[in-house]
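# Residue-level structural notes
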Amino acid sequence: QPQLVESGGGLVQPGGSLRLSCEAFGFTFSSYAMSWYRQAPGKEREWVAGISSAGRIRNYADSVKGRFTISRDNAKNTVYLQMNSLKPEDTAVYYCNTRRADRDYWGQGTQVTVSS
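What you are looking at is a predicted structure, and each value in this text was computed from that prediction instead of being measured. (Residues numbered from 1 in each chain as written. Predicted model: local features only at pLDDT ≥ 70, side-chain atom pairs only at ≥ 80, totals over all residues. Heavy atoms only, no water.)

This part takes up the environment of A33. Relative to the elements of secondary structure, A33 occurs in the loop between β3 (18-25) and β4 (34-39). For the pair A33 and G50, spaced 17 residues apart in the sequence, the C-alpha separation amounts to 7.2 Å. Aside from chain neighbours lying at most four places away, what touches A33 is I51, S52, S53, R72 and T98. (Helix = DSSP H or I, 4+ residues; strand = E, 2+ residues; numbered from the N terminus. Contact = heavy atoms within 4.5 Å.)

Here's what the structure looks like:
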């Protein structure tokens, strides 16, 4: 059973930075693309960023393009989300995701709050 364990969330002021981590267990991490999603209060779950298995292709939602960077370290079975120039509208629970055998696997989520 694949497992994803997230960390790095917290409270930051507008304009601040935060780095999220997601460590994977129970599958061949280097064979799978990974994604970050978020869900803000009262809104649908939103795709934020994705990265290919070898890390060569990276894609972002328009709302975070130029501010967030997704990366991965396959030797550590870990995917990261570096978040800069944070805005109050970035406040959400952030989830790590991978797709295996036609089903989605999710981390437990980590809360990010951007407020003064």
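Alright, that's what it looks like, and here's the rest.
Attention now moves to the pairing of strand β9 (residues 92-100). Strand direction decides the pairing type here: β4 and β9, joined by five bridges, are antiparallel. The residue bridging W36 from the neighbouring strand is C96, located in β9. Pairing analysis gives three bridges linking β9 to strand β11 (residues 110-114), with the strands arranged antiparallel. When the bridges of β11 are listed, A92 appears paired with V112. Between β9 and strand β10 (residues 103-106), which follow one another and run antiparallel, lie two residues, and A101 among them has a positive phi close to 50°. (Pairing = 2+ DSSP bridges.)

A few words now on unusual backbone geometry. Note on backbone geometry: most residues besides glycine have negative phi, and most peptide bonds are trans. Positive phi is not limited to glycine here, since N77 has a value of about 55°. Assignment of secondary structure puts N77 in the loop between β7 (68-73) and β8 (78-83). Look at N77 and you get partly exposed, because its relative accessible area is 28%. Positive phi, close to 50°, is recorded for A101, a residue that is not glycine. Within the secondary structure, A101 is located in the loop between β9 and β10. The class for A101 is exposed, based on a relative accessible area of 69%. (Buried < 20%, exposed > 50% of the residue type's maximum accessible area, 1.4 Å probe, protein only.)

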